[in-house]
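# Fold and contact review
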Amino acid sequence: MKKTAFYGALAVAGLAASTASAATLDDVKARGVLNCGVTTGLVGFASPDANGVWNGFDVGVCRAVAAAVLGDSDAVEFVPTTGKTRFTALASGEIDMLARNTTWTFSRDVDLKFEFVGINYYDGQGFMVPRDLGVASAKDLDGATVCIQTGTTTELNLADFFRANGISYEPVPVETNAEAQVQYVAGACDVYTTDASGLAATRASFETPGDHVLLPEIISKEPLGPLVRHGDNDWGDIVRWSLNALIAAEELGVTSANIEELGAAPTGNPEINRLLGTEGELGAMLGLDADWAKNAIAAGGNYGELFEKNVGENTPIGLARGLNAQWTDGGLLYAPPFR
Amino acid sequence: MVDRTIAFVRTEDVPAMPPPPNAAGPVKWLKDNLFATPANSVLTILAILAIYMILTGTVPWMLNGIWEAPSLAACREVLNGASGACFAVLAERWNQLLFGFQYPADLYWRPGLAFLLLFLAAAPVLFFDLPRKLLLFTALYPFIAYWLIWGGSIFGPLLALVGIVAGALFYQRFVKSSFALGFFGAIATALIVWTLGGYIIPDGEIAEGAMRSVQSRDLGGFMLNMMLGVTCVSLSLPIGIALALGRQSSMPIIKYICVIFIEFIRGVPLITLLFVANVMLGYFFPPGSGVDLFLRVVIMITMFSAAYIAEVIRGGLAALPKGQYEAADSLGLDYAQAMRLIILPQALKISIPGIVNVAVGLFKDTTLVSVISMFDLVGMIRGPILASVEWQGVYWELFGFAALLFFIVCYGISQYSQWLERRLATDHR
């Protein structure tokens, strides 16, 4: 009972302290380290290697922000979060930003009081079937047994899709991706459905990936992006424009290979100059150094380089750019102008 | 005349004949034990068949195991379609499985040493034939282990020790005159020593060198399971005894505090308590401060198992005949003496199997911390290792390894408890 009173007192003190806390940017600078929330492990997006160094596509975003703010892409404390703890970790201030393949939805943005700063991966729910099944389209799946993770939006999307097309299916509920993988390989279900990036990663772990095909239908929108808390727009701007810098760099042809050369002196392209800080005052407007974007891009390369290194076609996961190509290549990536 | 001479008289014993082959030796054993009745025979054959099928599946798989490969794909290449385990994942991620992926690699000797010293510290508690002086080391062990695992300045653990010693001295000095004065005075003394010492000693963080500080969030692997298991079991036993006695108390406030605590904790799943520890307390404390996550989890698991142990011990207390309590009273013993000398030794002996049951369950429950993103052994497997590009898709090898480690510890606990029961068997049944 005494303990409760003690916690109660601490809670009051804590609320008082948190309302009085300074801006996130000042906190991060004072700490010298960016606290970035990531998954506890998702193939290609975030996982520590044998030496404990975090790698992955989401990790690349964290490192870019750290490089932009602190000038050091290793000044990141990666805080692993599960699907259940991620939002409270962000809301309570344990982490400064969350880059954990989180779908941007209305209620998360508005009701949970977060601010999605952009989209770093356009995902969508897809289907995987064994090649032997001879199915070319998801509309041919009438009467199929489908492995599906319970309690996720994928379950609802699946029901909608089958009802809209007037076909039936039999769900095989599973708890985790690992369980689904085992069930699917054992033949307990004809079809496995989850986010397309997850399907590709799952297929890559099979003994014979070629025996399984991903169907062309994508039945839901899953825009994944980094997010920050409501209430500190300056910090939100920094994360947003760090991500935009990566995307714009690809569009402008700025890569980790040529960035030193391009950033050394003003070039013929004024937008590159503004981006890399050789012209204009963009860094100062964010409260950062002039070479903030240069550091962010140098951390792991531009968006395209990050994609290719972590999840692209030359990795075992082998994702095509698809929707995640630049708008100039028919994709959806479209960074607002740097001016 | 009939010649009555006897044709043959045996003068020595007939050598003993061996028993018929089906009445002795392995055949008889088989007949008695495996094929006694038709039903028995059928079951035997089915069992042999099942064992055979399991072995033909697993033995080649184990013997074919690959111990050196950089990834699952490389393993499969070496195996070339044959059945075989990919134990290479254990070899490559060995340190991560034992210590987590964030503990500094050059400091692995520190938790290793703490683990070895644990045996030395636990021995005099577990085996009471050993010299009692060894208990002195047991008393020091928590501070040594804390210092070894978390590192930092030695002054922190030293100050904690000094505070407790000061409290104990105060208690010894004043408990004769009044228990309440001794007890609460001791707590106050310890708090005063800690507060004053906090101002005097330098900041505990050390950034460099062999004893540099390690953060709690960097702990992981089987080390974390062991730490949680050992800490929580050793804390929850005394708290559980206190709760069990409190529940039988004749003082209504103490009694109802204990009853409500026990019933509330037993009515809530452990995983809920862990979420409270991780998530809810995060809202209460100001960002960046607050109680260490490891400590929060220890408090929650300890509360949980203490409530269960309290009920087990209450069962032991209830099993004692009323005559024992009356005998203690008639000898003129006060409450503390009666409990210490007569009631508890018997009640605890009866409760051993139940306590061990809770301890084994608690140790396995420490894997639940993986849901609040602490990387214990199971968390390491489910998170970082299965999510790496190299090793996703390896299940049997990793979870088999985890099962083996847990089996060794739990089987050890259960063997010890059986030894203890035999050792304490003083009744004549």
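Residues numbered from 1 in each chain as written. Chains lettered and ligands numbered in written order. Predicted model: local features only at pLDDT ≥ 70, side-chain atom pairs only at ≥ 80, totals over all residues.

## Topic: the overall build of chain B
Along its length, chain B carries 17 helices and zero strands. Since a compact globule built from 429 residues should have a radius of gyration of about 22 Å, the 30 Å found for chain B marks it as more spread out than a globular shape. Here the C-alpha coordinates of chain B stretch approximately 125 × 75 × 40 Å along the principal axes. For chain B, long-range pairs separated by at least 24 residues make up 65% of all intrachain contacts whose partners lie at least 6 apart in sequence. (Helix = DSSP H or I, 4+ residues; strand = E, 2+ residues; numbered from the N terminus. Rg over C-alpha atoms; globule rule 2.2 N^0.38 Å. Contact = placed C-beta atoms within 7 Å.)

## A closer look at the overall build of chain A
Within chain A, the secondary structure is distributed over 14 helices and 14 strands. At 22 Å, chain A has a C-alpha radius of gyration in line with the 20 Å of a compact globule built from 339 residues. Along the three orthogonal principal directions, the C-alpha set of chain A runs to about 70 × 60 × 40 Å. The buried share of chain A, reckoned over its 339 residues, is 47%. Counting only contacts in chain A whose residues sit at least 6 apart along the sequence, the fraction spanning at least 24 positions is 71%. (Buried ≥ 20, exposed ≤ 12 C-beta atoms within 10 Å, placed from the backbone.)

## Considerations on the packing of helix 10 (residues 221-247) of chain B against helix 11 (residues 252-266) of chain B
Residue and element names in this part refer to chain B. For the pair helix 10 and helix 11, the least separation of the axes is 7 Å and the interaxial angle reads 125 degrees. When the interaxial angle is binned, helix 10 and helix 11 end up oblique. Note on packing geometry: the crossing formed by helix 10 with helix 11 is left-handed. Residues L243, G246 and R247 of helix 10 form the contact with helix 11, whose own contacting residues are I254, K255, C258, V259, F261 and I262. A class-by-class count of the residues in the contact of helix 10 with helix 11 yields six nonpolar, one polar and two charged. (Axes fitted to C-alpha atoms, helices over the stretch in contact; angles between N-to-C directions. Parallel < 35°, antiparallel > 145°, perpendicular 65-115°, else oblique. Left-handed = near helix turned anticlockwise from the far one by under 90°. Nonpolar A, V, L, I, M, F, W, Y, C, P; charged D, E, K, R; others polar.)

## Some thoughts on the interface of chain A and chain B
At the junction of the two partners, chain A supplies 35 residues and chain B supplies 27 residues. Secondary-structure elements contributing two or more residues to the side of chain A that touches chain B are helix 1 (2-19), strand 2 (47-48), strand 4 (76-81), helix 4 (86-91) and helix 7 (177-185) of chain A. When residues in the side of chain A that touches chain B are grouped by element, the largest group, six residues, is from helix 1 of chain A. For the side of chain A that touches chain B, a count of residues per class yields 15 nonpolar, 16 polar and four charged.

## Some words on the domain arrangement of chain A
According to the domain assignment, chain A contains domain 1 (20-122 + 224-329) and domain 2 (125-220). With eight residues of domain 1 of chain A at the contact, the number on the domain 2 of chain A side is four residues. (Domains from an automatic or database assignment.)

## Brief notes about the environment of Q346 of chain B
All names here are of chain B. For Q346, the location among the structural elements is in helix 15 (residues 335-365). Along the chain, Q346 and R173 lie 173 residues apart, while their C-alpha atoms are 30 Å from each other. Beyond its immediate chain neighbours, meaning those up to four positions away, Q346 contacts L320 and Q324.

## With respect to the sheet that holds strand 9 (residues 144-149) of chain A
All names here are of chain A. The mixed open sheet is built from five strands, whose spatial order is 10-9-11-8-12. Of all strands in the sheet, those bounded by a partner on one side alone are strand 10 (169-174) and strand 12 (212-214). Mean inter-strand twist for the sheet, computed between neighbouring axes without regard to direction, equals 30 degrees. Where helix 6 (residues 153-164) meets the sheet, its contacts fall on strand 8 (125-130), strand 9, strand 10 and strand 11 (191-195), and the angle it forms with strand 9 comes to roughly 155 degrees. (Pairing = 2+ DSSP bridges.)

## Some thoughts on the pairing of strand 11 of chain A
Residue and element names in this part refer to chain A. With five of five residues buried, strand 11 lies mostly within the body of the structure. Across four bridges, strand 8 lies against strand 11 in antiparallel orientation. Along strand 11, the bridge assignment pairs F127 with T193. In the sheet, strand 9 pairs with strand 11 via two bridges, with the strands oriented parallel. Residue pairing for strand 11: C147 is matched across the bridge by Y192.

## Observations regarding the pairing of strand 1 (residues 34-39) of chain A
All names here are of chain A. When you tally the buried positions in strand 1, you get six out of six residues, the bulk of the element. Sheet topology places strand 1 next to strand 4; six bridges connect them, and they run parallel. Along strand 4, the bridge assignment pairs N35 with E77. Pairing analysis gives two bridges linking strand 1 to strand 5 (residues 97-98), with the strands arranged parallel. Directly across from G37, in strand 5, lies its bridge partner L98.

## Concerning the domain arrangement of chain B
Assigned domains within chain B: domain 1 (21-89), domain 2 (93-103 + 216-423) and domain 3 (153-204). Placing the centre of domain 2 of chain B and that of domain 3 of chain B at their C-alpha centroids yields a distance of 27 Å.

## Observations regarding helix 3 (residues 57-70) of chain A
End to end, helix 3 of chain A covers 20 Å across 14 residues, agreeing with the expected 20 Å (1.5 Å per residue, within 8%). One or two steps after helix 3 of chain A, the chain reaches G71 of chain A, where phi turns positive at roughly 75 degrees. (Expected span 1.5 Å × (residues − 1).)

## Re unusual backbone geometry
Although it is not a glycine, K113 of chain A adopts a positive phi angle of roughly 65 degrees. Residue placement: K113 of chain A occurs in the loop between helix 5 (106-110) and strand 6 (114-116). The partly exposed category is assigned to K113 of chain A, around which 13 C-beta atoms lie within 10 Å. The phi dihedral of N80 of chain B is positive, around 55 degrees, even though this residue is not glycine. In this structure N80 of chain B comes out as exposed when scored by C-beta crowding, with 7 C-beta atoms within 10 Å.

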